[in-house]
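Reading the structure
The lines below spell out each chain.
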Amino acid sequence: MATIDRQTATLALAHALAAAGRGLPVFPLSATKLPALRSPHHGEQPPVRCRGECGLPGHGVHDATTDPAAVRALFAAAPRATGYGIACGRAPHRLVGIDLDIDTAHGNDSVGALQQLALQHLFTIPPTVTVLTPSGGRHLWLTGPADTTVPNSAGRLAPGIDVRGSGGYLVGPGSVTAHGRYRLAPGTAHLPPAPCPRALLRLLTPPPRRPAGAPGGTTPTEIPGRRGEGLIQFVLAAHEGQRNTRLFWAACRAYEHGFGDTLADALTAAAVRTGLTKQEARAAIASAERLTRGRGREGDGPA
């Protein structure tokens, strides 16, 4: 087992160096997909706000570098690393990762949800680097412009779609985790990360909300009437196999904007018209409410 571990670590370093050579900042990961180096501030009284300013390794994504000597030093300090992370949002590529999860147990069709968004907002995903995950999902690599910061999010774009932007990271292809190996999808290894379509970029970087009553803004009572109708129509347009996904997504958007309780009955009625039972619809809406209230979990974790 020790020999296999050394071979895995050696391969992880080789893949990380190759990625760094293409301008992608990297750092070592453990088999849990978490940073392989322990924080030098372990045991200190929180909050600890150091992002590597202390000069010591062990700051996760903030350790990421393209310098080959620095990459080797990081892996030497983490001899049991089995993979590597790629920092998103960093020059020169300013990588944006679209993580499409597969969750058949809950009826989430993330690929279909992304296709629906593309049709609705008139964009196409260009051929780009695609990484296949051990769970059957995939990561799409896109690049963002220098003047735009893409935030991390989990399920905000649509159920099953996570986004990794500034401060987040992707597990690099060739990494080995407790659940299997990350690998490049056939036919994409030669591709560079493609520019993120402008329409998709607008969805990933929602404008800041204006205070209620501010010039050019909207009041809370205006929002449900305008956006709520669109969400209801979105649910009504669901085909079999999309009903739970569309209802959940619409309910998440409603609760995020503060009118989920107001729209819950109308969303339930729309879902029942598509073929769901009232109990199924209520359960999906309740799940959306719980998720949006716990959105503090979104952040800079791996994908």
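Residues numbered from 1 in each chain as written. Predicted model: local features only at pLDDT ≥ 70, side-chain atom pairs only at ≥ 80, totals over all residues. Heavy atoms only, no water.

As annotated in an unreviewed UniProt entry, the protein chain is Bifunctional DNA primase/polymerase from Streptomyces microflavus.

Concerning the overall build of the protein chain
If you tally the helices and strands in the protein chain, you get eight helices and 14 strands. In the protein chain, which comprises 303 residues, the proportion classed as buried is 45%. Contacts spanning at least 24 positions in sequence make up 74% of the contacts within the protein chain whose residues lie at least 6 apart. (Helix = DSSP H or I, 4+ residues; strand = E, 2+ residues; numbered from the N terminus. Buried < 20%, exposed > 50% of the residue type's maximum accessible area, 1.4 Å probe, protein only. Contact = heavy atoms within 4.5 Å.)

A few points about the packing of helix H6 (residues 243-256) against helix H7 (residues 260-274)
Running from amino to carboxyl end, H6 crosses H7 at an angle of 165°, the nearest separation of the two axes being 10 Å. Taken together, the axis directions place H6 and H7 in an arrangement best described as roughly antiparallel. Once H6 is placed against H7, the crossing between them reads as right-handed. Across the interface between the two elements, Arg243, Leu247, Ala250, Ala251, Ala254 and Tyr255 of H6 pack against Gly260, Asp261, Leu263, Ala264, Leu267, Ala271 and Thr274 of H7. Partitioning the contact of H6 with H7 into residue classes produces nine nonpolar, two polar and two charged. (Axes fitted to C-alpha atoms, helices over the stretch in contact; angles between N-to-C directions. Parallel < 35°, antiparallel > 145°, perpendicular 65-115°, else oblique. Left-handed = near helix turned anticlockwise from the far one by under 90°. Nonpolar A, V, L, I, M, F, W, Y, C, P; charged D, E, K, R; others polar.)

Looking at the side chain of Thr177
For Thr177, the position within the fold is in strand S11 (residues 176-177). Accessibility expressed as a relative area gives 9% for Thr177, which makes it buried. Dropping the residues within four chain positions of it, Thr177 is found in contact with Ala31, Lys33, Pro134 and Tyr182.

As for unusual backbone geometry
In this chain, Ala91 is followed by Pro92 through a cis amide linkage whose omega measures 5°. Tracing the chain through its elements places Pro92 in the loop between strand S2 (83-87) and strand S3 (95-100). The backbone of Arg94 shows a phi angle near 50°, a positive value even though the residue is not glycine. With respect to the element layout, Arg94 can be found in the loop between S2 and S3.

Here we look at the sheet that holds strand S10 (residues 169-171)
Pairing is antiparallel in the open sheet, where three strands are placed in the order S1-S2-S10. The sheet is open, and its two edges are formed by strand S1 (26-29) and S10, each paired on a single side. Each adjacent strand pair in this sheet contributes to an overall mean axis angle of 35°, direction not counted. As paired strands, S2 and S10 are joined by three bridges and run antiparallel to one another. Bridging across to S10, Gly85 finds its partner in Val171. The strands touched by helix H2 (residues 68-77) are S1 and S2; relative to S1, the strand with the most contacts, the crossing angle is about 10°. (Pairing = 2+ DSSP bridges.)

Considerations on the pattern of salt bridges
Enumeration according to the criterion identifies one salt bridge in this entry. Note that Asp265 and Arg282 form a salt bridge whose closest N and O atoms lie 2.6 Å from each other. On the criterion of sequence distance, the pair formed by Asp265 in helix H7 and Arg282 in helix H8 (residues 278-293) is long-range, its members being 17 residues apart. In this structure Arg282 comes out as partly exposed when scored by relative accessible area, which is 37%. (Salt bridge = Lys/Arg side-chain N within 4 Å of Asp/Glu carboxyl O.)

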